[in-house]
Amino acid sequence: MLQVRASPTFLASTTSSSSSPSSSSQAPPPSASFGRSIQRRGGVAGTASFPAAAAAPHRGARRSVMATAGTVPAAKLEDADALIDSVETFIFDCDGVIWKGDKLIDGVPETLDLLRSKGKRLVFVTNNSTKSRKQYGKKFETLGLTVNEEEIFASSFAAAAYLESIDFPKDKKVYVIGEEGILKELELAGFQHLGGPSDGDKKIELKPGFYMEHDKDVGAVVVGFDRYFNYYKVQYGTLCIRENPGCLFLATNRDAVTHLTDAQEWAGGGSMVGAILGSTKQEPLVVGKPSTFMMDYLAKKFGITTSQICMVGDRLDTDILFGQNGGCKTLLVLSGVTSLETLQSPDNSIQPDFYTNQISDFLKLKAATV
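Residues numbered from 1 in each chain as written. Predicted model: local features only at pLDDT ≥ 70, side-chain atom pairs only at ≥ 80, totals over all residues. Heavy atoms only, no water.

Student: Hey, could you run me through the packing of aromatic side chains in this one?
Tutor: Centre-to-centre distance and the angle between the planes together describe a pair of aromatic rings. Counting across every chain of the model gives 15 aromatic pairs. Judged by centre distance (5.9 Å) and plane angle (25°), the rings of F92 and F124 are stacked. Of this pair, F92 sits in strand β6 (residues 89-92) while F124 sits in strand β9 (residues 121-126), placing them 32 residues apart in sequence. On the basis of an interplanar angle of 85° and a centroid distance of 6.2 Å, the ring pair of F153 and F302 is categorised as edge-to-face. Within this pair, whereas F153 is found in strand β10 (residues 152-154), its partner F302 is found in helix α8 (residues 293-302), the two being separated by 149 residues in sequence. F302 gets classed as partly exposed once you look at its relative accessible area, which sits at 24%. Members of the aromatic cluster, each reached through a chain of ring pairs, are F90, F92, W99, F124, Y136, F140 and F362. Over the aromatic face of Y136 sits the side chain of K131, whose NZ or CZ is 5.7 Å from the ring centroid. Taking NZ or CZ as reference, R133 lies 5.2 Å from the ring centre of F153, over its face. (Phe/Tyr/Trp six-rings, centres within 6.5 Å; stacked < 30°, edge-to-face > 60°. Helix = DSSP H or I, 4+ residues; strand = E, 2+ residues; numbered from the N terminus. Buried < 20%, exposed > 50% of the residue type's maximum accessible area, 1.4 Å probe, protein only. Lys NZ or Arg CZ within 6 Å of the ring centre and 35° of its normal.)

Student: Sorry if this is basic, but what is going on with the environment of E88 here?
Tutor: Mapping E88 onto the fold places it in the loop between α1 (80-86) and β6. For E88, a relative accessible area of 44% gives the class partly exposed. C-alpha separation for the pair E88 and C310, spaced 222 residues apart in sequence, amounts to 8.2 Å. For E88, the residues in contact, after removing those within four places along its chain, are K120, R121 and Q308. (Contact = heavy atoms within 4.5 Å.)

Student: Honestly, the packing of helix α4 (residues 155-165) against α8 in this entry has me stumped. Any pointers?
Tutor: It is the contact of α4 with α8, at a shortest axis distance of 11 Å, that shows an interaxial angle of 75°. It follows that α4 is roughly perpendicular to α8 by the angle criterion. Contacts between α4 and α8 pair F157, A158, A161, Y162 and S165 from the former with F293, M294 and Y297 from the latter. Taken together, the residues of the contact of α4 with α8 sort by class into seven nonpolar, one polar and no charged. (Axes fitted to C-alpha atoms, helices over the stretch in contact; angles between N-to-C directions. Parallel < 35°, antiparallel > 145°, perpendicular 65-115°, else oblique. Nonpolar A, V, L, I, M, F, W, Y, C, P; charged D, E, K, R; others polar.)

Student: Please explain the sheet that holds strand β13 (residues 218-223) as it appears in this structure.
Tutor: The strands that make up a sheet pair up through hydrogen bonds in the backbone, lying either parallel or antiparallel. Spatial ordering of the open sheet is given by β12-β11-β13-β14-β17, a layout of five strands whose pairing is parallel. Edge positions in the sheet fall to β12 (192-195) and β17 (285-286), since each of these pairs with one other strand and no more. Pairing between strand β11 (residues 173-177) and β12: four bridges, direction parallel. Across the sheet, the residue bridging to V174 is H193, located in β12. Relative to the sheet, helix α6 (residues 231-243) contacts β11, β12, β13 and β14 (248-251), its axis offset from that of β11 by approximately 145°. Helix α7 (residues 269-280) rests against β11, β13 and β14 of the sheet, and its axis sits at about 155° to β14. (Pairing = 2+ DSSP bridges.)

Next up, the structure:
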């Protein structure tokens, strides 16, 4: 019999990484002029929080993310068929689950084929904002995987979708600290933007009396992973957030590390977000995992009951927390950033329902039970 633990409640001020209780997905301050005042799931009214239009189906009772006392340790996945049969949809993280860098993880194509043959819906959600959904579609194709663009949800898309959901004015502009993926998704949504890679070569000549101008029509600053990050961008984004009334501060994610190559971990988007947080003293609204914005969006788009979803990922503080916040079953794979030692550490309070080495274990465990 397949048993899963109760999933925690989403509280916008407590979806933090395991390393810092301050890394939260908070809404902009009440001065933000583009949001709708709605009731958060935690019972606290706020402005520009996750919109009612993207509300997920009823998820039933949940316990608080912070209520870690008596947490049930994750079970090693032994019966793959039972888990597969218990859900309708599998949501997969990409980096560390499907691929590492530009290298496909062994057994992924066969595993996805197995799940599709059993009639399961597959969705791929990534916090990496460097590519648009269309660009990610090309990456899947290059790796030999057939994935529809409608099955891909990147945090670059989530940023544009969030702005659409709050009716962000089309006469306002978005300053981007990030890469091409964010720009492309903003363009598709019809938003004006500036910044991005084109600001990567810009420098500030600090001399007596120098005053840096900025566009007063910027109504939102979106920060994502940025390999062209520099001081010019930090100052420009800071000026917009601090001096433009109601300017939103959105982050695609706060991941500490990412997989740019399969050889080692690299500093993630959280390092760029942290710089802007440090200079503005404002918490960003995070649209990527573990925020439930994408989960709510997916549930509405596909008509999914979240209890019929299994979230599969390699990070505890983003993927697994994302699934738990959304009321899903959760499976941690050890093919990415999380080791078994970290999972079972007394210091770790985030426990998935199950864990396994990699998703191709579905094939091995299925064969073992035949």
